[in-house]
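# Residue-level structural notes
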There are 4 protein chains.
Amino acid sequence: MSGSTYGTIFRITTWGESHGKAIGVVVDGCPAGVVLCEEDIQKFLDRRKPGQSRYTTARKEGDKVEILSGVFEGKTTGPPISLIVRNEDQRSRDYSDIASYYRPGHADYTFDAKFGFRDYRGGGRSSGRETIGRVAAGAIASKVLNQLGISLCTYTTSIGPVTIDSVDHNEIFNNSVYMPDAAAAAKAQTYLEDCMARQDSAGGVIECHIQNIPAGVGEPVFEKLDANLAKAIMSIGAVKGVEIGDGFRAAHSCGQQNNDVFHYDENHNLTKLTNHAGGILGGISDGSEVVVRAAIKPTPSISSSQQTVNRDGENIEISIKGRHDPIIVPRAVVVVESMAAVTILDMMLVGMSSNMDNIRKIYG
Amino acid sequence: MSGSTYGTIFRITTWGESHGKAIGVVVDGCPAGVVLCEEDIQKFLDRRKPGQSRYTTARKEGDKVEILSGVFEGKTTGPPISLIVRNEDQRSRDYSDIASYYRPGHADYTFDAKFGFRDYRGGGRSSGRETIGRVAAGAIASKVLNQLGISLCTYTTSIGPVTIDSVDHNEIFNNSVYMPDAAAAAKAQTYLEDCMARQDSAGGVIECHIQNIPAGVGEPVFEKLDANLAKAIMSIGAVKGVEIGDGFRAAHSCGQQNNDVFHYDENHNLTKLTNHAGGILGGISDGSEVVVRAAIKPTPSISSSQQTVNRDGENIEISIKGRHDPIIVPRAVVVVESMAAVTILDMMLVGMSSNMDNIRKIYG
Amino acid sequence: MSGSTYGTIFRITTWGESHGKAIGVVVDGCPAGVVLCEEDIQKFLDRRKPGQSRYTTARKEGDKVEILSGVFEGKTTGPPISLIVRNEDQRSRDYSDIASYYRPGHADYTFDAKFGFRDYRGGGRSSGRETIGRVAAGAIASKVLNQLGISLCTYTTSIGPVTIDSVDHNEIFNNSVYMPDAAAAAKAQTYLEDCMARQDSAGGVIECHIQNIPAGVGEPVFEKLDANLAKAIMSIGAVKGVEIGDGFRAAHSCGQQNNDVFHYDENHNLTKLTNHAGGILGGISDGSEVVVRAAIKPTPSISSSQQTVNRDGENIEISIKGRHDPIIVPRAVVVVESMAAVTILDMMLVGMSSNMDNIRKIYG
Amino acid sequence: MSGSTYGTIFRITTWGESHGKAIGVVVDGCPAGVVLCEEDIQKFLDRRKPGQSRYTTARKEGDKVEILSGVFEGKTTGPPISLIVRNEDQRSRDYSDIASYYRPGHADYTFDAKFGFRDYRGGGRSSGRETIGRVAAGAIASKVLNQLGISLCTYTTSIGPVTIDSVDHNEIFNNSVYMPDAAAAAKAQTYLEDCMARQDSAGGVIECHIQNIPAGVGEPVFEKLDANLAKAIMSIGAVKGVEIGDGFRAAHSCGQQNNDVFHYDENHNLTKLTNHAGGILGGISDGSEVVVRAAIKPTPSISSSQQTVNRDGENIEISIKGRHDPIIVPRAVVVVESMAAVTILDMMLVGMSSNMDNIRKIYG
């Protein structure tokens, strides 16, 4: 298999190469009766679209999505929703030289090792454009979650050495790096200018908060909610680490500190006084906010000179041409949110039959 | 589903509660012809067995494994290998009081929220004893990997604030915390004494290295090798973070630093001069060592007094009795290694058909 | 994989060889809160137990089931239910000679071709005893279905050339061939006496009726209810054909005849005036009785002399010793019912999220 | 889920409604390095195209397939192959009246029961046009199988009461009903004329032979080769029965007759003297021809008057307008072949790791 399908009940299958005819996704298992139009999906795609700031590739594409199936009279029908985005601005010639060598930090060599050859144009299937399908599916999952009162909020918490000091949700869409802290965003932008001047690139950290997810979502052993979030997020190219709640900081904490105290509030609702656990206990949501964090590596495509090898067995020196982002992080924010949304929704649908009371509500 | 099956081709299904009759695993899809006996599995189980040092629970169990099927005349037959470990030392009475309340940091509340009630004896299915099935399966996966020249090496890199300074593989099994650094191990032990004196607990970090894995293992999009490792590791109770290679440090690095240079060595083998990527590019192994790291939270069971709630809607104060490890990390080392082994083997088997040349080797 | 797991949400994993230590099944994804005891399962197992009439093998086994996990205080907990039946009467010596040759109609050769060798004792994994796990799981699925008002009724419709003329449900358990027609049963028994006298064996047809299944179960394309029933039934050893409703007779009918007329009855319930379709339209249940039929081949183990080959490349003549049923059909009745029950329940659980109204009933 | 994905390693996902914008399929897990062009797929699609004889719908469509991804420089790359066929001749107005009532024999009612509403235009997702995706995927699977020396031959064995008497492969494509017997084809055509005159429809039987499949394909328990073939074939709309080898005739046979004798031929190859088993023993291919048979019901759309109900709770009389085939069988021949090809290939890829010798050929 090439592993292009994700999910058990809400199941997405993505396809397409950077410089092929189109990129797309088939979303199967979306419940019938969700009001859905292309604009709902386009809004998400626009958040990852290239050409929005000087830190993202100059490639200009509409990335216009078309719904090909699964929606009738404005509502989802149950059968699969097929979505397509045509590749418009391909300029394949830019990439022809990379056919012969392996770019450091890229999947050129590993694709060859696995498949025997590769579609080398713009990274082919390993291009960042692969995430278009994920984001389109994420838009649908988010729409369903929103109808159930669940919302996601995702932002950048650090870029290179610059980390946010405060969280102001209103600020997130005010700056081109999606930071919830204007001062940090300004510093990050200065840092990125410096990177670009050095023909270098930067990484960063993205944090996703899922609000109002009910307690009881996730399965106890292998299909834990956090396990599936980890897979979903780590499956995004360039992600090298995933944390839930306090993550690695928990490893350095102690039990008296790290345990979150359960507490009935004045309305007799069960709450937790802290949320070191990131909303998941034993792999199952506990009713508090779910918090997941992703470490994104620096863009591997840099224009400064690099040592590498070619397919003829020679050690060579290269300098990568083409249009590349000095940082992936801002465009990856919506990708992280999308994969989280798809995962949360799938786990919710998978878990509907956890007890007989639930089953009787449907079939009673 | 309750999600007790993991893997696509090499597929394990675990079952059993802490204080039920037994714990076990069914390993399906193990290739036929592997020499296997109970001792192979017992060796792995003994690495996670309680009662090995004063930092692990006083519960004394043989944890003796029995092979019930799938092995004939000393070799695996292809059909499923069923393994069982009887629970011997159960003392259910120790746990009877936890039926009524929710322990902080445990899955008591989330199980109730999901299933309506729970087997409260010793954590039931969410107990650390659940990992017996994982480790037994990991022993089999490791045996197969070893026959293909692949080996795993796993150790503790930090406990609470104590971090290793050096790596000496010979030291790992010389100390009770499985650190490859004798001096750090001594400091960690002092720190744990202190934790116990304070009725507190500690967490830590575990690192797993997989050597000699060929290039080309892992699938390009959702079934990336790192994505599946992340799920496998995060599915272990108490894990709150996973990293591949440099992990979160990569997020603070820059491209010129983080890119690993490809290089043909004197024998014309393709190598990398560094391994920031942890052996995986684009989700596919690159032939260098695969490195994965897990953050383990402090044991939630602490004997000092804690605030929490009971099932009757009251805020109460508790003090947890029973036998609990002040730290899970040392016993989790073999669990991390086992889940990594199962994942690597499964991805290798899944990927056998990636190109026509491979298929012709089998069916040509 | 060796394919020992079946189902998506209600998921069963069977294991065990005819002459190994035990046979068992892990039932994962059973909803929590189902009252369940060993006697519920034993009743099903007793329906397939050997030694019940002179047409079934003389092997006497208790086939006593033990619940090892997943049930607490008399109710299912959600986590996997592990069931084990110890093999008691093994007499492996009876089978030692079949190690060297391939019995006609058996899986001896195909196992060797696939796995390189086989557990030859009593057929190993391909023995009819493999169905113990299926039946134990079917008992649980049936219990859940019964609580939702759904029941299954399964019986033999033909044995060799003898076919039933009438259906009297009270008669089914009155005769050793599970026919709902006393006269046909008597004829069938005479026919079987004749088979045994000739050292020959017979096949037959089994029909399963599922009553009160609501309309809307099954998925439109590949996961059709009938497609999954076909797989489930055909996966039983010795089944060579599966029909839904009129089955092959429909192929010889015409549309005016075969179309079932929809009709609102006096209580304004939507009904069908006929049921040629067997309760399934477009892969989805239509609210009428689901009817599935299985063709069972004659027992391949016959004691008369047969030509075959051995592993040394020689054409030989054999005469199979050991204890074998001259007909499998009566014991397979409960196996067919079990696989149908597991499939129906799984499809019902899988389909709970088909529309937003359902989802809001759980998460609204 | 709505179940639009099929297969484990070679995995197809179909989408699209009869009168939506397009129909398509994503083929994931196709090995890299297969020479493939649109013409390879078009040839298969042309075998199911409407408008080829007077027994098939007058709807004229090009059904031209476009490859959108997964093929580079004329070869498959490993990543998913996305195929699309635009719907051209839709005339939705023809179907507008069926929105209000439920056609007998169709999925109108069951879709409404499941999803709450339906895309009623031309049957929507339950239309026969859904099979375009299956056939396109089948073309690819067939191409891979052919390269491994495996071929499929599929034909009609009966239409209504007319059954073939002989098999001449050269005749199959000489008549519009794909029968391998010219005389029977002529009779069948006469019978169909008669059906059309009566405003009635007919069913029939299709048989598929898979040649040169090696011994050892298929898994022993639930993932038997015959079980998966049964699911694959039964998942085709209008199929009501599936047989392997002698099928239901085996149920009326006896063991001495039905057992196939193994025999080493003059070249010391293991063969069988007969093939009642249809090439599968214990769920695993035995090296002889695999034979599978499908019963196809009469087209439910007939223009004669029928009783039915509408969505307003009324019993009504209807007469279906629009363009419908009086028989589905000839166009379903290539659909049966396609589903068989996809299944066989998937099982072959899944089974590559059945023993250590195979694994060492790839990773040794």
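Residues numbered from 1 in each chain as written. Chains lettered and ligands numbered in written order. Predicted model: local features only at pLDDT ≥ 70, side-chain atom pairs only at ≥ 80, totals over all residues. Heavy atoms only, no water.

### Examining the interface of chain D and chain C
By a widely used convention, the size of an interface equals the accessible area lost when the partners come together. Let me state the cut-off plainly: Any pair of residues with heavy atoms lying within 4.5 Å of one another is described as a contacting pair. Summed over both partners, the accessible area lost on bringing two parts together, with a 1.4 Å probe, is the buried area. For salt bridges, the criterion is a side-chain nitrogen of Lys or Arg within 4 Å of an Asp or Glu carboxyl oxygen. A 3.5 Å cut-off defines polar contacts: any pair of N or O atoms within that distance qualifies, except that in protein one atom must be a possible hydrogen donor and the other a possible acceptor, and neighbouring residues in sequence count only when both atoms are side-chain atoms. We call Asp, Glu, Lys and Arg charged. Ala, Val, Leu, Ile, Met, Phe, Trp, Tyr, Cys and Pro are nonpolar, and the rest, Gly among them, are polar. In this scheme, strands are said to pair when DSSP sees at least two bridges between them. Here a strand is any run of E in DSSP of at least two residues, a helix any run of H or I of at least four, and the numbering for each starts at the N terminus.
Opposite the 108 residues of chain D that make contact, chain C presents 108 residues. Across the chain D to chain C interface the summed buried area is about 8400 Å²; carbon plus sulfur atoms make up 61%. At the boundary of chain D and chain C, one finds 4 salt bridges. Among the ionic pairs, Glu223(D) bridges to Lys231(C), the shortest N-O distance being 2.9 Å. Summed over the shared surface of chain D and chain C, the result is 48 residue pairs in polar contact (both at pLDDT 80 or more). Its residues assigned to classes, the side of chain D that touches chain C comprises 45 nonpolar, 43 polar and 20 charged. Direction of pairing for strand S12 (residues 239-244) of chain C relative to strand S12 (residues 239-244) of chain D: antiparallel, over a ladder of 3 bridges. In the strand pairing of S12(D), Val242(C) is matched with Val242(D).

### A look at the pattern of salt bridges
Across all of its chains, the model carries 92 salt bridges over all chains by this definition. Put simply, Glu66(C) and Arg86(B) hold a salt bridge, and the shortest N to O gap is 3.7 Å. Remark: Arg86(B) occurs in strand S7 (residues 81-86) and Glu66(C) occurs in strand S4 (residues 65-67); the pair is interchain, linking two chains. Sharing partners across several salt bridges, the network here consists of Arg103(A), Asp108(A), Asp112(A), Arg118(A) and Arg311(A).

### Quick word on the relation of the copies chain D and chain C
Put simply, the rule is: To line up the copies, we fit them by least squares on C-alpha atoms, keeping just the residues with pLDDT of at least 70 in both.
For these two chains of identical sequence, chain D goes onto chain C by a turn of 180 degrees and a shift of 0.0 Å along the axis, with RMSD 0.0 Å. The operation mapping one copy onto its partner corresponds to a two-fold rotation axis. Within chain D, the C-alpha atom positioned nearest to the axis of rotation is that of Lys231(D), 2.4 Å from it. A high fraction, 100%, of the interface residues of chain D reappear at the interface in chain C, so the copies pair face to face through one surface.

### Here's the deal with the sheet that holds strand S4 (residues 65-67) of chain A
All names here are of chain A. The cut-off we apply is this: In this analysis, axes come from line fits to C-alpha atoms, helices being fitted only over the stretch in contact, and the angle between any two N-to-C directions falls in the range 0 to 180 degrees.
Pairing in this open sheet of 5 strands is antiparallel, and the strands run S1-S2-S3-S7-S4 from one edge to the other. Bordering the open sheet on either side are strand S1 (5-6) and S4, each of which pairs with just one other strand. Here S1 pairs with strand S2 (residues 11-16) via 2 bridges, running antiparallel. Each residue of the ladder has a partner; that of Thr5, found in S2, is Thr13. In this fold helix H1 (residues 38-48) packs onto S4 and strand S7 (81-86), with an angle of close to 150 degrees to the strand it touches most, S4. Set on the sheet, helix H3 (residues 131-147) makes contact with S2, strand S3 (22-28) and S7; between it and S3 the angle comes to about 35 degrees.

### Observations concerning the state of the cysteines
Rule in force here: In what follows, a disulfide is any cysteine sulfur pair within 2.5 Å.
Per the stated rule, a full pass over the model turns up 0 disulfides over all chains. The closest cysteine sulfur to the non-disulfide-bonded Cys37(B) is located on Cys30(B), 13 Å from its own sulfur.

### Observations concerning unusual backbone geometry
Residue and element names in this part refer to chain A. As a reminder, the rule being used: Partly exposed describes any residue whose relative accessible area lies between the buried limit of under 20% and the exposed limit of over 50%, with all areas from a 1.4 Å probe on protein chains only and scaled to the type maximum.
One non-glycine residue, Glu73, lies in positive phi territory at about 50 degrees. Topologically, Glu73 is positioned in the loop between strand S5 (71-72) and strand S6 (75-76). Residue Glu73 is classed as exposed on the basis of its relative accessible area of 56%.

### Observations regarding the packing of aromatic side chains
How we decide: Two aromatic rings from Phe, Tyr or Trp, using only the six-membered ring of Trp, form a pair when their centres are within 6.5 Å; if the ring planes differ by under 30 degrees the pair is stacked, by over 60 it is edge-to-face, and anything between is tilted. Think of it as a cone above the ring: NZ of Lys or CZ of Arg counts as a charge over the ring if it is within 6 Å of the ring centre and within 35 degrees of the ring normal.
This model, assessed by the stated rule, comprises 30 aromatic pairs over all chains. Ring geometry for Tyr102(C) against Phe262(D): centres 6.4 Å apart, planes inclined by 65 degrees, an arrangement best described as edge-to-face. Of the two residues, Tyr102(C) sits in strand S8 (residues 101-102) while Phe262(D) sits in strand S13 (residues 262-264), which places them in two different chains. Judged by relative accessible area, which is 6%, Tyr102(C) ranks as buried. Taking the relative accessible area as the measure of exposure, Phe262(D) reaches 1% and is therefore buried. Ring pairing ties together the aromatic residues Tyr102(A), Tyr109(A) and Phe262(B), which thus form one cluster. Over the face of the ring belonging to Phe44(B) we find Arg47(B), whose NZ or CZ atom lies 5.4 Å from the ring centre. In this arrangement the basic side chain of Lys114(D) is found over the ring face of Phe115(D), its NZ or CZ atom lying 5.8 Å from the centre.

### Focus: the relation of the copies chain B and chain A
Relative to chain A, chain B is turned by 180 degrees and slid 0.0 Å along the rotation axis, the superposed coordinates differing by an RMSD of 0.0 Å. Interface overlap between copies is the fraction of interface residues in one copy that are interface residues in the other; for chain B against chain A it reaches 100%, indicating a shared surface.

### A short note on the interface of chain B and chain A
If you look at the interface, chain B gives 108 residues, while chain A gives 108 residues. Contact with chain A buries surface across chain B, with Lys114(B), Phe222(B) and Lys240(B) losing the most and accounting together for 11% of the total. Between the two partners, chain B and chain A, sit 4 salt bridges. A salt bridge links Glu219(B) to Lys114(A), with the nearest nitrogen and oxygen atoms 3.1 Å apart. Scanning the region where chain B abuts chain A turns up 49 residue pairs in polar contact (both at pLDDT 80 or more). Residue composition of the side of chain B that touches chain A, grouped by class: 45 nonpolar, 43 polar and 20 charged.

### Observations regarding the pairing of strand S12 (residues 239-244) of chain A
Along any regular strand the residues' side chains alternate between the sheet's two faces. All names here are of chain A. Among the 6 residues in S12, 6 count as buried, and that is most of the element. Of the strand pairs in this sheet, S12 and strand S17 (residues 290-296) are connected by 5 bridges, and their pairing is antiparallel. Pairing of Val239 across the sheet is with Ile296, part of S17.

### So, the side chain of Lys297(B)
Put simply, the rule reads: Only four residue types enter the tally: Lys and Arg on the positive side, Asp and Glu on the negative side, with His and both chain ends excluded.
Within the element layout of this structure, Lys297(B) appears in the loop between strand S17 (290-296) and strand S18 (306-310). Despite being buried, Lys297(B) has no salt bridge partner; Asp260(A) is the closest side chain of opposite charge, sitting 7.4 Å away. Within the structure, the side chain of Lys297(B) is placed 3.0 Å from the backbone oxygen of Gly105(B), a separation counted as a polar contact. With near-sequence residues (within four places) excluded, Lys297(B) lies in contact with Ala250(A), Asn258(A), Leu281(A), Gly105(B), Ala202(B), Gly203(B), Ala238(B), Lys240(B) and Ile328(B).

### Points about the confidence of the model for chain A
The following threshold applies: Scored from 0 to 100, pLDDT reflects the predictor's confidence in each residue.
Summary statistics for chain A give a mean pLDDT of 94 and a share of 94% for residues scoring 70 or more. In the predicted assembly, ipTM is 0.97 and pTM is 0.97.

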